[in-house]
Amino acid sequence: MLTRRDLLKAGAWTSAAAALPFGCTSPDSDPRKARLGVAAARDAISPSPPTTPFVMDLPIPPAPLPVAPFASPDAAPFIGPGTKFYELVEEERLVQVHPQLPPTLVWGYRDINVPRSSVPSANFAVGPTFRVKMATGAGQGVVVRQHNQLPANHQGFGVPFTTVHLHGAHTESRSDGYPTLDFGPGESFDYAYPMRAPGFSTGTPSNDIPSTLWYHDHLIDFTRQNVYRGLVGFYLVFDDLDTGDETTGLQLPSGPFDVPLVVQDRVFAADGSLVYDVFNHNGFLGDKLLVNGAIQPRFHVARRKYRFRFLDGSNARFYQIFLAAADGQTFRFDQIATEGGLLSAPIRALESFRLAPALRVEIVIDFSQFQPGDVVYLENRLEQVDGRRPGDLLPRGPQLLKFIVGEAVPDPSHVPDVLRPFAPIAPAVLAAAIRREFQFNRQQGAWAINGLLAGDLSFPITQSPLDTPEIWHLVNGGGGWAHPVHIHLDYMRVLTRNGHLPPIDERDGVAKRDTVILGPGEEVEVFLRFRDFAGRYVFHCHNLEHEDMAMMARFDTL
Ligand SMILES: [Cu+2]
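Residues numbered from 1 in each chain as written. Predicted model: local features only at pLDDT ≥ 70, side-chain atom pairs only at ≥ 80, totals over all residues.

The next thing to look at is the overall build of the chain. On a plain count of helices and strands, the chain comes out with 5 helices and 33 strands. A compact globule built from 558 residues should have a C-alpha radius of gyration of about 24 Å, and the chain, at 22 Å, falls within 12% of that. Across its three principal directions, the C-alpha atoms of the chain cover 60 × 60 × 50 Å. The proportion of buried residues among the 558 residues of the chain is 51%. (Helix = DSSP H or I, 4+ residues; strand = E, 2+ residues; numbered from the N terminus. Rg over C-alpha atoms; globule rule 2.2 N^0.38 Å. Buried ≥ 20, exposed ≤ 12 C-beta atoms within 10 Å, placed from the backbone.)

Written as structure tokens, this is what we have:
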């Protein structure tokens, strides 16, 4: 749509010029600029000011309210009597991420029904939490009109052009947040989310039903900066099985006991502003851990079961999350879902789980095992000192969130032994599948896929016929990098990892994934079957610094 990409391609990605926000104030190496929220050279990044943990309550952004139906030529093919309409505003606003820090200027999504507020403590850093039902037919989905009201002449990193990707959704290409299909300040864009089970167009709907999706900016070359500035929100999906009601369907913990948690790391200047290093292409790491946009918050829970939907919304940080007391003693929980929705059956009595950028893990914690007044923490024991990859598991780690246990309340919820069962892909289907191999390597300091310099979206690296079984062999060429690889449009079934049966939480027949971790030297085979929508899509590394260093390719469905 715009020609920024062409301009940027002229320069090396590692040059300062290519990293500059286009058409806005240039960051430079003056460390004083960091205080203005302008990322400075890497040497100038100093640690965030100290903050007392667990003095701020966990923010939980409420759902947006539907608006009256509006005419939308772009979304018209998906609009029917059952369509729900929403309008969101992308804006710059001040938020309170911690009471001991001055307010932080972020870019965020706001429900248009909520008046713009200049009171930082009244604003959410994270966008509204959609709670949406799957459609049972055409014309029952969702249309979201996004209004870009970001400042055209902003200070600091980021670019005020946006394109919104509903991560994990099964949508037409136009509504997928294609990286170059952006809209700028003063413009809007209508996104159509049909909310139909993949396979609907051939009369063979699958049970690839999502549960925790998220929406975020996906602008070509600038996703890392725009997401770091705050353009992130949850989109939770329910259906007749996963009803969001504790008396029907699976009766999972619901309502106020169903809590999304986005985990992010950030650096702050003494004036509260976000600090980011545009010169860091390995993966930017923050020294403050935030949950739902608050630094190390606290959450009062009743003595009963809760469903927590974790999302790693960090640019580059991996986590290994434990539920632990102050002395380090751990407590177990059940895992019920991944990016691909509910597991076929719960994974019981798990001690910890791993998060990588874009991954979702849903767990149920039963706080009835504790006494009123007990406190317990979410603790990250995964070391990571470099954006390239996580390090070792440590005996202890920083705490992200403090649970303060209150009184018992009635709890009709439970975690049944069967969630959303599905069969693994049949051997005959696998035998007939089209096989493709994608090797991720570095070449002249930039990312390459199969030896082609990656990131050129002017042509598809592969073309996939719709409704046709494929097996993609994803290979990490090495060099000690870890890549969470995300494929748009349809879920992956993980068939093998390094030639072996994959771990239970990604194994076909148990889980579906939209993002797989490719650790250093690792390789996975995943089954894909693209359905319903012909068009251009992308797959890419979700380490956002890698993605913006062009670790992305276009694939077309035909
Ligand atoms: Cu990567």
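This paragraph deals with the environment of Phe308. Looking at the secondary structure, you find Phe308 in strand E14 (residues 305–312). Judged by local crowding, Phe308 falls into the buried class, with 22 C-beta atoms found within 10 Å. When the C-alpha positions of Phe308 and Pro253 are compared, they lie 9.2 Å apart, and in sequence the two are 55 residues distant.

Moving on, we get to the domain arrangement of the chain. Segmenting the chain into domains produces domain 1 (4–238), domain 2 (255–408) and domain 3 (427–557). Summarising the inter-unit geometry, the C-alpha centres of domain 2 and domain 3 are found 26 Å apart. On the side of domain 3, 23 residues touch domain 2, which itself brings 24 residues to the contact. Looking at the side of domain 2 that touches domain 3, the elements with two or more residues in it are strand E17 (333–338) and strand E18 (341–350). The dominant element in the side of domain 2 that touches domain 3, judged by the number of residues it contributes, is E18, at 5 residues. Of the residues assigned to the side of domain 2 that touches domain 3, the class counts are 10 nonpolar, 11 polar and 3 charged. (Domains from an automatic or database assignment. Contact = placed C-beta atoms within 7 Å. Nonpolar A, V, L, I, M, F, W, Y, C, P; charged D, E, K, R; others polar.)

Moving on, we come to the sheet that holds strand E1 (residues 84–95). Pairing between the strands of a sheet is mediated by backbone hydrogen bonds and can be parallel or antiparallel. Here we have 4 strands laid out as an open sheet, ordered E2-E1-E4-E6, and mixed in their pairing. With partners counted over all chains shown, the strands left at the sheet margins are strand E2 (104–111) and strand E6 (188–193), one partner each. Adjacent strand axes in the sheet meet at a mean angle of 20°, parallel and antiparallel pairs treated alike. Where E1 and strand E4 (residues 142–148) come together, 7 bridges link them in parallel fashion. Looking at the pairing, Glu87 lines up with Arg145 of E4. (Pairing = 2+ DSSP bridges. Axes fitted to C-alpha atoms, helices over the stretch in contact; angles between N-to-C directions.)

Our focus in this paragraph is the pairing of strand E33 (residues 552–557). The buried fraction of E33 is high, at 5 of 6 residues. Sheet topology places strand E26 (residues 462–464) next to E33; 3 bridges connect them, and they run parallel. Counted as the bridge partner of Ser464 is Thr557 from E33. Looking at chain direction, strand E32 (residues 535–541) and E33 are connected through 6 bridges and run antiparallel. Across the sheet, residue His540 finds its bridge partner in E33, namely Met552.

The residue Arg396 is located in the loop between strand E21 (375–380) and strand E22 (399–408) in this model. For the pair Arg396 and Leu382, spaced 14 residues apart in sequence, the C-alpha to C-alpha distance is 8.6 Å. Sequence-distant contacts of Arg396, that is, excluding residues within four places in its chain, are made with Gly328 and Arg381.

Strand order in the open sheet formed by 5 strands is E26-E33-E32-E28-E30, and the pairing between neighbours is mixed. Because the sheet does not close on itself, it has two edges, and the strands there are E26 and strand E30 (515–518). On average, each strand axis in the sheet is inclined to that of its neighbour by 25°, with strand direction left out of account.

Moving on, we get to the nonpolar core. Grouped burial of nonpolar side chains is what soluble globular proteins tend to show. Of all hydrophobic cores here, the largest spans 135 residues; its most connected members are Val263, Ile336, Leu355, Val516 and Val526. When neighbours within four sequence positions are excluded, Leu355 is seen to be in contact with Val263, Phe310, Asp312, Phe318, Tyr319, Ile321 and Val361. Core analysis: the next-biggest nonpolar cluster, separate from the first, contains 5 residues, Val159, Phe161, Leu219 and Ile220 among them. (Core = buried A, V, L, I, M, F, W, Y, C linked by C-beta atoms within 7 Å.)

It is worth spelling out the environment of Pro460 at this point. Position of Pro460 relative to the elements: it lies in the loop between strand E25 (452–453) and E26. For the pair formed by Pro460 and Tyr537, sequence separation is 77 residues and the distance between their alpha carbons is 8.7 Å. What Pro460 contacts, discounting residues up to four positions off in sequence, is Arg536, Arg554, Phe555 and Asp556.

Averaged over all residues, the pLDDT of the chain equals 92, while 92% of them reach at least 70. Low pLDDT, under 50, characterises residues 1–42; the stretch is placed with 77 contacts to residues that sit more than four places away or in other chains. (pLDDT = per-residue confidence, 0-100.)

Now for unusual backbone geometry. The backbone of Met195 sits at a positive phi, close to 60°, despite the residue not being glycine. Tracing the backbone shows Met195 in the loop between E6 and strand E7 (212–217). Here the phi dihedral of Leu489 falls at roughly 85°; this positive angle occurs in a residue that is not glycine. Position of Leu489 relative to the elements: it lies in the loop between strand E28 (483–487) and strand E29 (493–497).

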